[in-house]
Amino acid sequence: MIKRKIAIILTIIMAAFAVPCTSVYAAGTGTLGGAEIPDRFTDNFDVENCLDISSWNGEITEKEWQILKDNGVTGVIIRAGYSRWFTGFHSKDSRFEENMEGARKAGMDIGAYYYTTATNEKEAAKEAEYFAKLLEPYRDYLTLPVVYDFESNEHGRLDAAKFRELGPKGCTDMCVAFCEVLENEGYDPMIYANRATFNRYLDTSVLEGSYRLWLAQFTNDGSATGYEGNYDMWQYSSSVRIPGVDSRFDANYIFKRNISEDKEIADAKGEIKGSISTFTLSEGVRSIVPVTSTGDKANIRVRDNYGYSHMYKVFKKSSKYSSEECLMACVLNGFFVSEKSINPKYFVNRVAPATIGNDYASKRDEGYVLSMSGITKILRDLRLDVQYIREIDDDVYVKIKSHLATGHPVIMSLKNPTSRWTDGNEVVLLLGMDENGYGIMADTKDRYWNKNDQRIKLVSVDELIRAMESQDDDDSSLVKSDAQQGGYILIDGD
């Protein structure tokens, strides 16, 4: 009897420290890939199957990992840790390392997630710090985002009542606090929530401009979600079974923009109305959502006039990384959604050597920088549709403004040292144009003509164009130690 009483007491105590269960019942289609793909992702997107996995799925053998891959699973988001329902204690998922190794050996894309029970910004930041420590040994494994699992727990400290108490601002501030820690550690953060949470308790106008979003909404009949906000992943089921694997899985679609198909979008560009002197936008950039515009980094989402969303990350140049390297990291983040976040370090160590040669590191150590030809080669090797136009002719104003009007970027080589916009030879990046005709500049430098440490600026496109010069010779050097090549690059253009 005494032993039985002790067992009952221990059961009650363990409940207070319970491991959260992400799903207590099955919902959604039971077939991998069995949900209808939303219309917005049927053209110019690759749709890949991804599972989210934790200790609740039990042991997955090496054979079962291979079965998952053979059945079309290309990626997994693995739970690294969680905070306990009632105490908030941080804990590591008991199968985190095992699942990371299993997915790696199977050759899958890998991301990770953390289940929160934080109730304020400070606690959320502490969770993120713990999450980052868990991720550090596996940093090189990660090719998918790291995720903040933000959902109410029915009986815990972050329950529905706490959601209502926090309100949209409090909930959003927690998400930002968590993601900022991960971003400062060099990771690509994402926020997971269900449709009701996004609609009622999160300010998506803030989050969409800075972080990738993962939508959860189960449709038992396999129909597409009707959620109208932006998202990069959709969890459509918690009940998928795959023959030969002894578990039931949460199933998701990852939507990756297919850059090689974008020519059709560029060809559909609207006609410019009016002369240069009375220039107006025919379609224009639909929305510009700056989130942070000061300091060493900034994030801005530009949605082009055909509804495609580009999330750019703007970095400040430093003694380690040139303006050209920072601008290239910015461009690639905007076009390769749902991929590993690209910072200047990643660009220098991974992207540049793979596209223009392994001697890039030694060249940059000698003071060489990427030329306009080098930038063009990298973008083309990555399957972006670009034009490098060397001559500054009478049509340059229309060409550049019409391109910016669609919400697609332009890289310009400035060579006029008398202009207030440049101190000599410089490459600048414009991400689009606002409703008043000002260029949206992703600025890597401090400027005497505008606030220092302001990474996103509105600038006069006409004055920037007047600071440009043609590239008169046939120089096609990929890196240069002297004057930068002239001209401009239209990215994702005809």
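Residues numbered from 1 in each chain as written. Predicted model: local features only at pLDDT ≥ 70, side-chain atom pairs only at ≥ 80, totals over all residues. Heavy atoms only, no water.

Caption draft 1: The packing of aromatic side chains, seen in detail. Tallied over the full model, the rule gives 21 aromatic pairs. Relative to tyrosine 253, the ring of tryptophan 234 lies with its centre 6.0 Å away and its plane at 55 degrees, an arrangement referred to as tilted. One end of the pair, tryptophan 234, is in strand 8 (residues 233-241); the other, tyrosine 253, is in strand 9 (residues 248-257), and 19 residues separate them in sequence. Ring geometry for tyrosine 253 against phenylalanine 255: centres 6.2 Å apart, planes inclined by 55 degrees, an arrangement best described as tilted. Its relative accessible area of 4% is what places tyrosine 253 among the buried residues. With a relative accessible area of 1%, phenylalanine 255 lands in the buried category. (Phe/Tyr/Trp six-rings, centres within 6.5 Å; stacked < 30°, edge-to-face > 60°. Helix = DSSP H or I, 4+ residues; strand = E, 2+ residues; numbered from the N terminus. Buried < 20%, exposed > 50% of the residue type's maximum accessible area, 1.4 Å probe, protein only.)

Caption draft 2: Geometry of the environment of phenylalanine 41. Position of phenylalanine 41 among the secondary structure elements: in the loop between helix 1 (2-16) and strand 1 (45-53). Measuring from C-alpha to C-alpha, the distance between phenylalanine 41 and lysine 256 comes to 8.8 Å, with 215 residues separating the pair along the chain.

Caption draft 3: A look at the confidence of the model for the chain. Taken over all residues, the pLDDT of the chain has a mean of 80, while the share at 70 or more is 79%. The least confident element of the chain is helix 8 (residues 263-267), whose mean pLDDT is 29; the most confident is helix 3 (residues 96-105), at 97. Considering only residues more than four positions removed or in separate chains, one finds that residues 259-294, a stretch of pLDDT under 50, has 89 contacts. (pLDDT = per-residue confidence, 0-100. Contact = heavy atoms within 4.5 Å.)

Caption draft 4: Structural view of the side chain of lysine 162. Mapping lysine 162 onto the fold places it in helix 5 (residues 160-184). At 3.1 Å, the side chain of lysine 162 and the side chain of glutamate 165 are in polar contact. Ignoring any residue separated from it by four or fewer positions in sequence, one finds lysine 162 in contact with Thr119 and Arg157. (Polar contact = N/O pair within 3.5 Å; in protein donor to acceptor, adjacent residues only side chain to side chain.)

Caption draft 5: Looking closely at helix 5. Across its 25 residues, helix 5 extends only 30 Å between first and last C-alpha, which sits more than 12% below the 36 Å expected from 1.5 Å per residue. Taken as a whole, helix 5 carries its principal kink of about 100 degrees at glycine 167; the proline proline 168 stands between one and four residues after it. Of the residues one or two after helix 5, glycine 186 is the one with positive phi, at around 90 degrees. (Expected span 1.5 Å × (residues − 1). Bend = angle between axes of the 7 residues up to and from the residue.)

Caption draft 6: Just the pattern of salt bridges, in detail. The final tally for this structure, using the stated rule, is 15 salt bridges. Aspartate 173 is the partner of lysine 169 in a salt bridge, and the nearest nitrogen-oxygen pair spans 2.7 Å. One end of the pair is lysine 169 and the other is aspartate 173, both in helix 5 and 4 residues apart, which spans about a single turn. (Salt bridge = Lys/Arg side-chain N within 4 Å of Asp/Glu carboxyl O.)

Caption draft 7: Structural context of the nonpolar core. Leu68 and Val76 are the most contacted members of the largest nonpolar core, which has 67 residues in total. No other element matches helix 5, which puts 9 residues into this core. Non-local contacts of leucine 68, meaning those with residues more than four positions away in its chain, are made with Leu51, Ile60, Val73, Met108, Ile242, Val245 and Phe249. (Core = buried A, V, L, I, M, F, W, Y, C linked by side-chain atoms within 4.5 Å.)

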